[in-house]
Amino acid sequence: MIKAITGIKDILPSEIPSWSHLEEAIHSVFKNYNYKEIRTPVFEETTLFSRGIGEETDIVGKEMYTFTDRSGTSVTLKPEMTAAVVRAYVEHSLGKQQPLNKLYYISPMFRQERPQAGRLRQFHQFGGEAIGSSSPLLDVEMIDIAYNILNNLGLKDILVKINSLGIPGSRERYKEELRNYLAEKKEMLSEDSRRRFDKNILRIFDSKIDNDQNLLKDAPLILDYLDDESKSDFDMVQSMLERLNIPFEIDQRLVRGLDYYTKTTFEIISGSVGSQNALCGGGRYDLLIEQLGGEPTPGVGFAAGIERILLACENENVLNLPEDKIDVYFVLLDNELKIEAFELVHNLRSAGFKVDLDYMDRSVKAQMREANKYSSRFVIFIGGEEYASGKMNVKNMQDGNQFIMPLGNSEELIKWLVEVK
Ligand code: AMP
C-alpha cells in the first residue's frame, strides 16, 4: 500500500469543519483590519529563501525541500511566506501603487523537520505582512490581529511574549557582549550551541538543553543594549498593548530563528499543546526588502500555524461547531422510483436546498438511518399508496408532523419549504 510521506498529513472530511471555521475567522478578522489577501506560488528559486531567511538559520541550513528542476534551476518548496510576499511586492512594484501594503495569506509550508505532535513537514500557516511603514502601531496591529483570532476561537491558555532585537548596530554590540560572556563557557555548551556560538549566537537562547540554559543564566540582556529609536518604539508597543488590554510578557530570550528580524519580535504561546508551544511568531523586518532587491522599505509581519492552533482548540475543547445538517433526504419505498425522485432532488438543489438520496439501492430502514445520520430536517417519502395517487409524504423531522403534497410539482414544494424553513 502506498502511504502519505512521513510528517505529511491528509486533512480528512471529518476535520474540514474546524479548518473552515478557522479559515473564516482569519478572512473576517483580516478584513476588519483592512488587509488584502495575497497568494504566491508553492515553490520559488532557492536563492530567495537562502538570501531572505539567512544561510545560518535552521530552515535554510537543514530543513528546506530543495531540488533541481529539469532546466537545472534550484527550486525550493516555500518554508515560510515573508520572503515570498516580499519577492512579489518588489517584482510587481506594489509599493508604487500605494505607500503601505497590508497583506495576508493562508498557505501550505514545507520544512523537513523531525515530525512530532504539532510539528509536520507540510503544515499550514496564515499570517499578515504590512510593508511600507515603520510605525510601531503596526507592530501592535499584528499582535492584535493574531491575539484577536486566537481569542475569537475561545482559546484561554495563551500568552503573548514580546522582545526587541534593536537595529543591526545595537544588536552587533549586544552579540559581542554575549560572545564575551560565553567565551569561557563555550566548551561546556552542547554541540548545537557551540555551532550557534560561531554562526548565529543569538539562537543559543533557543536551546532546549538544561545545561545550556544554566550557562545562560547571568548572560547580558538584549534590552540593555537597545538604540534610542528601538527603545522608544518598544516602549510604544508596550503602552499600546496595555491600552488595548492585551496581556503580554517581556521575554528577553525571544530571539526568533530568522536573520531578517529588527526591533520588535513577538510570539504567542499556548499552554495546552506540549513542547511545540508557539502558535504564532513574528516581528519587524526593516532590512529585508532592500536585501531582496527592493527600495529600502520597513515591514512587519507574523505567521501562525493552523495545525497547532487546531490542536490547542481540541485540547482546550473550545470549538463548538454547529452540526452539519442537510435540508431534505429522500426515502424511496421502491427503488424503481429513483429516476423520478432524482429530478425532484435536482430541482430542490438548484433552488438552494441541501438535498440527498440513496444511490445504493438500500432498504427503507437503511435509508432512514442515512437521513438521521445527516440530521435531515425533512424526509420525503416517495412510494406506496400516495405515489399511486400522484402524491408524496413530507415529514418534518423536528416535530414529526407529516404533510401530503402533490408529486411532480417541485415549485409548490420549494415554496412550502422556503416558508417553513
Ligand atoms: P515560524 O515561521 O517558524 O516562526 O513559525 C510560525 C508558526 O508556524 C509557529 O508558531 C507554528 O505554529 C507553525 N509552525 C512552524 N513550523 C511548523 C511545523 N514544522 N509544523 C507545524 N507547524 C509549524
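In short, a report on the structure. (Residues numbered from 1 in each chain as written. Predicted model: local features only at pLDDT ≥ 70, side-chain atom pairs only at ≥ 80, totals over all residues. Heavy atoms only, no water.)

1. As for the site of the ligand
We count it as follows: Here a residue is near a molecule or strand as soon as one of its heavy atoms is found within 4 Å of it. Counted as a polar contact is a pair of N or O atoms within 3.5 Å, where, for protein atoms, one must be capable of donating a hydrogen and the other of accepting one, and residues adjacent in sequence contribute only when both atoms are in side chains. For the accessible areas, the method is Shrake-Rupley and the probe is 1.4 Å, while residue cover comes only from the protein chains on display. Helix and strand assignments come from DSSP, with helices taken as H or I runs of at least 4 residues and strands as E runs of at least 2, each series counted from the N terminus. Under this grouping Gly is polar, as are all residues other than the nonpolar Ala, Val, Leu, Ile, Met, Phe, Trp, Tyr, Cys and Pro and the charged Asp, Glu, Lys and Arg.
Near the ligand lie 14 residues; those nearest to it are Arg111, Glu113, Leu120, Arg256 and Ala278. Arg111 is positioned with one of its side-chain polar atoms (N or O) 2.8 Å from an oxygen atom of the ligand. Here a nitrogen atom of the ligand sits 2.6 Å away from a polar atom, N or O, in the side chain of Glu113. Taking 480 Å² as the accessible area of the ligand by itself, protein coverage stands at 90%. Secondary-structure elements contributing two or more residues to the shell around the ligand are strand S6 (122-131), strand S10 (278-284) and strand S11 (299-305). If you tally residues by element for the shell around the ligand, the top one is S10, at three residues. Broken down by class, the residue content of the shell around the ligand amounts to six nonpolar, three polar and five charged.

2. Regarding the sheet that holds S10
Quick note on the threshold: Two strands are counted as paired when DSSP detects at least two bridges linking them. Every residue pair with non-hydrogen atoms within 4.5 Å of one another is taken to be in contact. Orientation is described by axes fitted as lines to C-alpha atoms, over the contacting stretch for helices, and by angles from 0 to 180 degrees between their N-to-C directions.
Ordered in space as S1-S5-S6-S11-S10-S9-S7-S8, the eight strands form an open sheet in which the pairing is mixed. Only two strands of the sheet have a single partner each, and these edge strands are strand S1 (36-37) and strand S8 (248-250). Two strands pair when backbone bridges link them, and S6 and S11 are joined in this way by seven bridges, in the antiparallel orientation. In the strand pairing of S11, Phe126 is matched with Ala304. Most of the contacts of helix H4 (residues 82-91) go to S6, to which it runs at about 45°, and overall it touches strand S5 (101-110) and S6. Contacting S5, S6, strand S9 (262-270), S10 and S11, helix H12 (residues 306-316) runs over the sheet at an angle of about 110° to S6.

3. Side note on the side chain of Gln367
Within the element layout of this structure, Gln367 appears in helix H14 (residues 364-373). What Gln367 contacts, discounting residues up to four positions off in sequence, is Tyr329, Phe330, Val331, Leu332, Asp358 and Arg362.

4. Thoughts on the packing of helix H1 (residues 16-32) against helix H6 (residues 136-153)
Filter applied, for reference: An angle below 35 degrees is read as roughly parallel, one above 145 as roughly antiparallel, one from 65 to 115 as roughly perpendicular, and any other as oblique. For any pair of crossing helices, the crossing counts as left-handed if the nearer helix is rotated counterclockwise from the farther one by less than a right angle, and right-handed if it is rotated clockwise.
Relative to each other, H1 and H6 sit at 140°, their axes nearing to 10 Å. As judged from the angle between their axes, H1 and H6 are oblique. The way H1 lies across H6 gives a crossing that is right-handed. In contact with His21, Leu22, Ala25, Ile26, Val29 and Phe30 of H1, H6 contributes Ile145, Asn148, Ile149, Asn152 and Leu153. Classifying every residue of the contact of H1 with H6 gives eight nonpolar, three polar and no charged.

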